[in-house]
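Descriptive analysis of the structure
Take a look at the letters that make up each chain.
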Amino acid sequence: MLLPVVLAGGSGSRLWPLSRELMPKQFLTLHGDKSLLQSSLIRLSGISTAKPLVICNEEHRFIAAEQIRQLNLLDKNIILEPSSRNTAPAITIAALYAMQRGEDPTLLVLAADHVFSNVSAFKQAIHTAKPLAENGLLVTFGIKPSTPETGYGYIKQGKILNDCVNAYLVKQFIEKPSIEQAKQLLLDSDVCWNSGLFMFKASTFLNELAIYRPDILLHCQNAVAQTLADMDFIRINKELFINCPAESIDYAVMEHTQSAVVVPIESEWSDIGSWSALWELGEKDTLGNVQYGEVLQHNSHNNYVYSESGLVATIGLENTIVIQTNDAVLVANKDHVQQVKEIVQTIKEQG
Ligand code: GDD
Ligand code: MG
């Protein structure tokens, strides 16, 4: 059985002030007419007959449940984390929960914030990956890189697995390199970005985790043993989970494993990681502006301007992000949008 596991517990802080603690980006409608979570679920149609498991923070349970219900996919399939411990514990919880039900499904782990321009290429890659994962490999999905992004994982491809399958051994997995390293990696034609999708059998992942991070496995095993079913939700034990080390799957397993392969996805892709990514994806007018709401731009180029209420006007503005919401305004140079995270941190510290 192929069981989709959708990770929906991120904070999306680089999309402040639209993305907030109570409403992080995966639940927002930022591209198209559905939320990013809903688009991720819709993209799975025809891939698996199993209802996906969605794993998110308990604070967002009602938003998640409502969005999943709207797609007729609600089926006691939302796992609630009492606190965010990053993706390695989240995936471990999903894998253990599936094993507890007496299954050893092949997990298709997906982020809740991705956009693919070519959905059939996405589906083709999943089709290619399935038998590999069923045979005990950890499958990653590679995207052709275009810029020296430091927020992604990079995969150095090795030999082709066999001549009939579009899959390669993973020579090296480098999570979030420095800018110098990223520039160097881009020069290598056998390097791709890690898309953040993974496929493996639940038991394969748990066995690898037992080798590289037995501490995470132990905490999660204890927490899942005390799981409570509550309406549409599966609640993980708070006291036992809260002390689990926070780590991403990339650092915990993917950088170390000897059993990874990469299947390329021949599609444009974005993880909507920043306002400039939304500008890239958005429909531009002849001056390169993307705008939403009541916006008037005069002699202005290549901006992303969003107004939640009231008129926002710009004059002689270039390469700028302007986000106006009811209680906050962000004005940022498009080349510095990664630093929005730092503003959010400062706001948190100031209480
Ligand atoms: N349930 C749960 N719990 N989900 C989480 C948690 C958590 O604690 N933390 C993050 N997520 C979800 C996010 O909502 C997102 O859908 C996904 O997991 C990936 O997390 P990010 O925090 O967005 O990761 P990243 O973008 O820094 O890096 C990952 O994705 C890149 C591609 O988008 C890595 O896998 C990189 O290697 C990869 O290139
Ligand atoms: Mg991300």
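Residues numbered from 1 in each chain as written. Chains lettered and ligands numbered in written order. Predicted model: local features only at pLDDT ≥ 70, side-chain atom pairs only at ≥ 80, totals over all residues. Heavy atoms only, no water.

**A look at helix α3 (residues 87-100)**
The end-to-end C-alpha distance of α3, which contains 14 residues, comes to 20 Å, matching closely the 20 Å that a straight helix rising 1.5 Å per residue would cover. Of all 14 residues that make up α3, eleven are buried, and the element is covered over most of its length. Following α3 by one or two positions, Gly-102 adopts a phi angle in the positive range, close to 85°. (Helix = DSSP H or I, 4+ residues; strand = E, 2+ residues; numbered from the N terminus. Expected span 1.5 Å × (residues − 1). Buried < 20%, exposed > 50% of the residue type's maximum accessible area, 1.4 Å probe, protein only.)

**A short note on the layout of surface pockets**
One number sums up the size of the second largest pocket: a volume of about 1200 Å³. Lining the second largest pocket are 45 residues, and of these Ser-146, Thr-147, Tyr-152, Trp-193 and Trp-269 lie nearest its centre. The set of elements that each furnish at least two residues to the lining of the second largest pocket consists of β5 (115-116), β6 (138-143), β9 (191-201), β13 (269-270) and α10 (275-281). Take the lining of the second largest pocket: its biggest share by element is five residues, from α10. (1 Å grid on protein atoms, 1.4 Å probe; cavity = no way out; pocket = protein on both sides within 12 Å on 5 of 7 lines; lining within 4 Å. Points joined across faces, edges and corners; volume = space filled by probe spheres on them.)

**Regarding the site of ligand 1**
Around ligand 1 lies a shell of 26 residues, among which Glu-81, Glu-175, Lys-176, Asn-194 and Asp-250 are the nearest. If ligand 1 stood free it would expose 740 Å²; the protein chains cover 88% of that surface. Only α3 and β9 provide two or more residues apiece to the shell around ligand 1. In terms of residues, the shell around ligand 1 owes the most to one element, β9, which gives three residues. (Near = heavy atom within 4 Å. Areas by Shrake-Rupley, 256 points an atom, 1.4 Å probe, with all protein chains shown as cover.)

**Overview of the packing of aromatic side chains**
If you walk through the whole model with that rule in mind, you get nine aromatic pairs. When the ring of Tyr-152 is compared with that of Trp-193, the centres are 4.8 Å apart and the planes differ by 70°; the resulting orientation is edge-to-face. Placement of the pair is Tyr-152 in the loop between β6 and β7 (153-162) and Trp-193 in strand β9, with a sequence separation of 41 residues. Linked through ring pairs, Trp-275, Tyr-292, Tyr-304 and Tyr-306 together constitute an aromatic cluster. Over the aromatic face of Phe-122 sits the side chain of Arg-43, whose NZ or CZ is 5.8 Å from the ring centroid. Lys-334 extends its terminal NZ or CZ atom over the ring of Trp-279, reaching a point 3.5 Å from the ring centre. (Phe/Tyr/Trp six-rings, centres within 6.5 Å; stacked < 30°, edge-to-face > 60°. Lys NZ or Arg CZ within 6 Å of the ring centre and 35° of its normal.)

**Points about the pairing of strand β17 (residues 312-315)**
Along any regular strand the residues' side chains alternate between the sheet's two faces. Across the two faces of β17 the burial differs, with Val-312 and Thr-314 buried and Ala-313 and Ile-315 not buried at all. Across four bridges, strand β15 (residues 295-298) lies against β17 in parallel orientation. Looking at β17, one finds that His-298 is bridged to Ile-315. (Pairing = 2+ DSSP bridges.)

**Details of the nonpolar core**
Ranked by internal contacts, the top residues of the largest apolar core, which has 46 residues, are Leu-37, Leu-41, Val-139, Phe-141 and Met-199. Among all residues touching Phe-141, those that are not within four sequence positions of it are Ala-125, Ile-126, Ala-129, Trp-193, Asn-194, Ser-195, Leu-197, Phe-198, Met-199, Val-262, Val-263 and Ile-265. One finds Leu-3, Val-5, Val-170 and Phe-200 within the second-largest nonpolar core, a separate group that totals 45 residues. (Core = buried A, V, L, I, M, F, W, Y, C linked by side-chain atoms within 4.5 Å. Contact = heavy atoms within 4.5 Å.)

**Digging into the confidence of the model for the chain**
Mean pLDDT over the chain: 95, with 100% of residues reaching 70 or higher. Interface confidence for the predicted complex, given as ipTM, is 0.99, next to a pTM of 0.94. (pLDDT = per-residue confidence, 0-100.)

**Observations concerning unusual backbone geometry**
Between Trp-16 and the following residue, Pro-17, the backbone shows a cis peptide bond with an omega angle of 5°. Among the structural elements, Pro-17 can be located in the loop between β1 (2-7) and α1 (36-42). Although it is not a glycine, Lys-76 sits at a positive phi angle of roughly 50°. Inspection of the secondary structure assignment puts Lys-76 in the loop between α2 (61-69) and β3 (78-81). Positive phi values are uncommon outside glycine, yet Asn-299 reaches one of about 45°.

**What to know about the pattern of salt bridges**
Evaluated as defined, the whole model comprises eleven salt bridges. A salt bridge links Glu-21 to Lys-348, with the shortest nitrogen-to-oxygen separation between them at 3.9 Å. Taken together, the residues Glu-21 in the loop between β1 and α1 and Lys-348 in helix α11 (residues 340-350) connect sequence positions 327 residues apart. Since its relative accessible area comes to 55%, Glu-21 is described here as exposed. A salt bridge links Glu-247 to Arg-213; the shortest N-O distance between them is 3.6 Å. With Glu-247 in the loop between α8 (238-241) and α9 (249-254) and Arg-213 in the loop between α6 (202-212) and α7 (214-225), the pair connects residues that are 34 residues apart, well separated along the chain. Looking at Arg-213, the relative accessible area reads 19%, which means it is buried. Where salt bridges share partners, they join Glu-58, Asp-230 and Arg-235 into one cluster. (Salt bridge = Lys/Arg side-chain N within 4 Å of Asp/Glu carboxyl O.)

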